[in-house]
Amino acid sequence: MSFRSLTTVVLIAATATSAGAQQSKYPPVERYLMPRDAEIALARTGAPAGISAHATVKVLTKNGFTVAQQGDNGNVCMVMRGFSAPTYTPAQFRDLVYDPAIHAPICFTAPAAKTALPYYEMRTNLALAGKDPDQIAAALKTAYASGALPHRDAATIAYMWSAHQHLGSGIDAWHPHMMIFAPNYENAMVGGNAFGSPLPQVTDDAGTPFTVVVVPVDDALAVRLPASR
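Summarised in this report is the structure supplied together with it. For clarity, every value in this text was computed on a predicted model and none was experimentally measured.

A few words now on the overall build of the chain. Along the backbone of the chain there are six helices and eight strands. Listed N to C, the secondary structure of the chain is α-α-α-β-β-β-β-α-α-α-β-β-β-β in terms of helices and strands. Considering the chain as a whole, with its 229 residues, one finds that 50% of them fall into the buried category. Counted over contacts in the chain with a minimum sequence separation of 6, partners at least 24 positions apart contribute 65%.

Pasting the structure below:
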């Protein structure tokens, strides 16, 4: 797919998400859940085996994420749901919390597991409690200011290399990419590249402690589930 076509798809998906936002309600929590073994396997596709094979794996339950397999390298892999949508911007993606089809395998490296992962787990718990995007944003702001969430004083990284990502209607797997949790970054600081382009770009919450920079990598590096026998 060309850059122009990809950007068009992203914009169409964003418009569709925004158009349905006013009618959005959380579906039953069961629609967000997966069979345990399937979720473990999917979570490990978030990164190359050198990262994921010895990582702790968490799975989603009705009460939030819980450890399914304990690792020994400090890394944590899981399958994020729509609950991991941006807290502030882009505004049209905040309502992805209501989409139970989103599956975003991710492997946090050890430093990111300490500072970024708690943010995503708190977002998830707030959504499971029925909080809407505005309430989630307010709660996260308060938690960060009070120290209930770890402060982010340096950039940390995570892998999102799964070939089986579903990041939203019309986006699907996109490219395997690195997630850089870069506090207070603006898109201009990484080149001002367009949203959805195959170049480094700020995708979430620019200019806040929760800023995410993504760096796409070669599609050939995408990690797939083992072939069924």
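For the rest of this paragraph, the subject is the sheet that holds strand E8 (residues 212–216). Here eight strands make up an open sheet; going across it, the order is E2-E1-E3-E4-E5-E6-E8-E7 and the pairing mixed. Both outer strands of the open sheet, strand E2 (64–69) and strand E7 (201–204), are each paired with one neighbouring strand and no more. Strand-to-strand, the axes of this sheet are offset by a mean angle of 35°, without reference to chain direction. In this structure, strand E5 (residues 156–160) lies alongside strand E6 (residues 177–181), joined through five bridges in antiparallel fashion. Each residue of the ladder has a partner; that of Ala158, found in E6, is Met179. Lying on the sheet, helix H2 (residues 36–44) is in contact with strand E1 (56–61), E2, strand E3 (76–80) and strand E4 (104–108); it crosses E1 at an angle near 130°. Each of E1, E2, E3, E4, E6 and E8 is contacted by helix H5 (residues 117–128), which is oriented at about 15° to E1, the strand it contacts most.

This structure, assessed with the given rule, holds one disulfide. Residue Cys77 pairs covalently with Cys107 via a disulfide, S to S 2.1 Å. The S-S bond linking Cys77 to Cys107 shows a torsion near 110°; that makes this disulfide right-handed. One end of the pair, Cys77, is in strand E3; the other, Cys107, is in strand E4, with 30 residues separating them in the sequence. The exposure class of Cys77 is buried, given its relative accessible area of 0%.

Applying the stated criterion to the full structure yields twelve aromatic pairs. An aromatic cluster of at least three residues, connected via ring pairs, comprises Tyr88, Phe108, Tyr119, Tyr120, Tyr144, Phe181 and Phe210. The side chain of Arg152 reaches across the aromatic face of Tyr119, ending 4.9 Å from its centre.

This brings us to the side chain of Lys58. With respect to the helices and strands, Lys58 occurs in strand E1. Apart from the residues lying within four places of it in its own chain, the contact partners of Lys58 are Glu39, Phe65, Thr66, Val67, Ala68, Val76, Cys77, Met78, Leu117 and Glu121.

Along the polypeptide, Glu39 turns up in helix H2. Spatially, the C-alpha atom of Glu39 lies 9.2 Å from that of Val57, the residues being 18 residues apart in sequence. Residues within four places of Glu39 in sequence aside, it is in contact with Met34, Lys58, Val59, Leu60, Phe65, Val79 and Arg81. For Glu39, the side chain forms a polar contact with the main-chain nitrogen of Leu60, separated by 3.0 Å.

This brings us to the pairing of E3. Each regular strand displays side chains that alternate between the two surfaces of the sheet. Of all five residues that make up E3, five are buried, and the element is covered over most of its length. Relative to E3, E1 is paired through two bridges, and the arrangement is parallel. Note on E3: the bridge partner recorded for Val57 is Cys77. Across five bridges, the pairing between E3 and E4 is antiparallel. Within E4, the position partnered with Met80 by the bridge is Ala104.

Thresholds applied
- Residues numbered from 1 in each chain as written.
- Predicted model: local features only at pLDDT ≥ 70, side-chain atom pairs only at ≥ 80, totals over all residues.
- Heavy atoms only, no water.
- Helix = DSSP H or I, 4+ residues; strand = E, 2+ residues; numbered from the N terminus.
- Buried < 20%, exposed > 50% of the residue type's maximum accessible area, 1.4 Å probe, protein only.
- Contact = heavy atoms within 4.5 Å.
- Pairing = 2+ DSSP bridges.
- Axes fitted to C-alpha atoms, helices over the stretch in contact; angles between N-to-C directions.
- Disulfide = S-S within 2.5 Å.
- Phe/Tyr/Trp six-rings, centres within 6.5 Å; stacked < 30°, edge-to-face > 60°.
- Lys NZ or Arg CZ within 6 Å of the ring centre and 35° of its normal.
- Polar contact = N/O pair within 3.5 Å; in protein donor to acceptor, adjacent residues only side chain to side chain.

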